[in-house]
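Observations on the model geometry
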Amino acid sequence: AALCRALRRREAEGDEAGWAQAREEAEAARRELREVVRPLREPGYREALRRKAERARKRRLRLQRRKQEAKAAKEEEAARAAEREAKIDQWRAKCIQEVEEKNRERELKAAADSVLSEVRKKQADTKRMVDILRALEKLRKLRKEAAGRKGVCPPPSADEAFENQVESLKTLLKNRTELYEAEERALRVMLEGEQEEERKREMEKKQKKEREKLLQQKLEIDSKLFGDPDEFPLAHLLQPFREYYLQAEHSVAALIQIRHEWDQYLVPADHPEGSCIPPGWVLPSLPTNDTWATAVR
C-alpha cells in the first residue's frame, strides 16, 4: 500500500526517475509476495499444513501429559514418603509404648518385691521375738526350779505378773504375725495378677504373630493362584477367576454345590485309584524349563 501511494505521488509530480525506482521496489515486493503465496496455492500444502498443526497439537498434548504424569508421580512419591513416615512414627510410638510398659512393669515388680521383702523381714523379726519370748519362759522356769531346790520360792503374784506380761506379748506378736501374713497374701495376689497379665499379653502377642503369619501365607497362596495385584494394574481381568474360585465364600448354594462335587471323589487315604481331598489349595509346581517359565510369567 505504501509503494502504491508512492507510485501515484511520483506519477502526479511527474518525477520519472523516482517513479521508475518506486516501480522497481513495487515489482520486487510483488515477487516476494508471490514467493510467499505460491506454496499456499499448491494442492497438498493445506493438508501438509494441517498435518503439521496436528503434530504440533499432539506434541503439546504429549508434553502436557508428561508434565501431568511427572506431577502425579511426584505427588504419589510424596504420598508414599508421607505414608512411610507415618508408619515409621507409628512403629516408633509402638516401640516407645512397649518400653514404657516394660519399665512400668519392672518398677511395679521392683516395688512389690521391695514391699514383700520388707514384710518378710518384719515376719522374721516377729518370729525372732517369739523365739526370744519362749527362751525367756524356759529360762525363768529353769531359774525357778533352781531356786526351789535351794528353798527359795517366789510369791504367786510374781508368777501371775510374769504370765500376764507374756500373754500380752504373745497376743501382740500373734496380731502382728496375722497382719504380716495378710500383707504377704495381698502382695502375692497382686504379683500373681501381674504375672497373669504378662502371660496374657505374651499369649496375645503370640496369637497376633500367628494370625499375621497365616495371613501372609494366605496372601502368598492367593498371589500364586490369582497373580500379584501389584503386578497387574488391570485387576478386573482376573476378577471373573477370583469370583469363580471364591464363590463359596459368598454363596451357601455355591458352597453346597462345590461340596457335592468334591464328595463324589471321596476315597480312603489308601485307595489305589485316588487320594483324599487336600486340606488347602493345591499349589502349582515350579516350572521345569525356561519355556514354561516364560509362559507362566
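None of these values were measured; they are calculated from a predicted model. (Residues numbered from 1 in each chain as written. Predicted model: local features only at pLDDT ≥ 70, side-chain atom pairs only at ≥ 80, totals over all residues. Heavy atoms only, no water.)

Each helix and strand in the protein chain was counted, giving 7 helices and 0 strands. Its helices and strands taken in sequence order, the protein chain reads α-α-α-α-α-α-α from the N to the C terminus. Its C-alpha atoms give the protein chain a radius of gyration of 52 Å, clearly above 19 Å, the size a compact globule of 297 residues would have. C-alpha atoms of the protein chain, sized along the principal axes, occupy 185 × 85 × 40 Å. Counting across all 297 residues of the protein chain, residues that qualify as buried make up 7%. In the protein chain, the proportion of contacts linking residues at least 24 apart, taken out of those at least 6 apart, comes to 55%. Once the 66 positive and 59 negative side-chain charges of the protein chain are each reduced to a mean point, those two points are 4 Å apart. (Helix = DSSP H or I, 4+ residues; strand = E, 2+ residues; numbered from the N terminus. Rg over C-alpha atoms; globule rule 2.2 N^0.38 Å. Buried < 20%, exposed > 50% of the residue type's maximum accessible area, 1.4 Å probe, protein only. Contact = heavy atoms within 4.5 Å. Lys, Arg positive; Asp, Glu negative; His and termini not counted. Charge placed at Lys NZ, Arg CZ, Asp CG, Glu CD.)

Turning to the UniProt feature "coiled-coil region" (unreviewed entry) in the protein chain, a few remarks are in order. The feature "coiled-coil region" (unreviewed entry), as annotated in UniProt, sits at residues 192-220 in this numbering. Taken end to end, residues 192-220 is 100% helix and 0% strand, and its two terminal C-alpha atoms sit 42 Å from one another. (UniProt positions renumbered as here; feature names shortened; annotations may be inferred.)

The next thing to look at is the pattern of salt bridges. Applying the stated rule across the entire model yields 11 salt bridges. The partner of glutamate 77 in a salt bridge is arginine 84, with the nearest N and O atoms 3.4 Å apart. For glutamate 77, a relative accessible area of 35% puts it in the partly exposed group. On the basis of relative accessible area, arginine 84 is assigned to the partly exposed category, the value being 41%. (Salt bridge = Lys/Arg side-chain N within 4 Å of Asp/Glu carboxyl O.)

Considering all chains together, one arrives at 1 aromatic pair under this definition. The interplanar angle of 80° and the centroid separation of 5.2 Å between the aromatic rings of tyrosine 244 and tyrosine 245 together place this pair among those described as edge-to-face. According to the relative accessible area criterion, tyrosine 245 is partly exposed, its value standing at 45%. (Phe/Tyr/Trp six-rings, centres within 6.5 Å; stacked < 30°, edge-to-face > 60°.)

This next bit is on a positive patch on the surface. A cluster of basic side chains, namely Lys94, Lys102, Arg106, Lys205, Lys208, Lys209 and Arg211, defines a positive patch on the protein surface. Elements represented by at least two residues in the positive patch include exactly helix H3 (45-149) and helix H4 (156-226). Tallying contributions element by element places H4 first for the positive patch, with 4 residues. Residue position: lysine 208 is located in helix H4. (Patch = residues over 30% accessible without salt bridge, like charges linked within 9 Å, V, L, I, M, F, W, Y side chains within 5 Å. Areas by Shrake-Rupley, 256 points an atom, 1.4 Å probe, with all protein chains shown as cover.)

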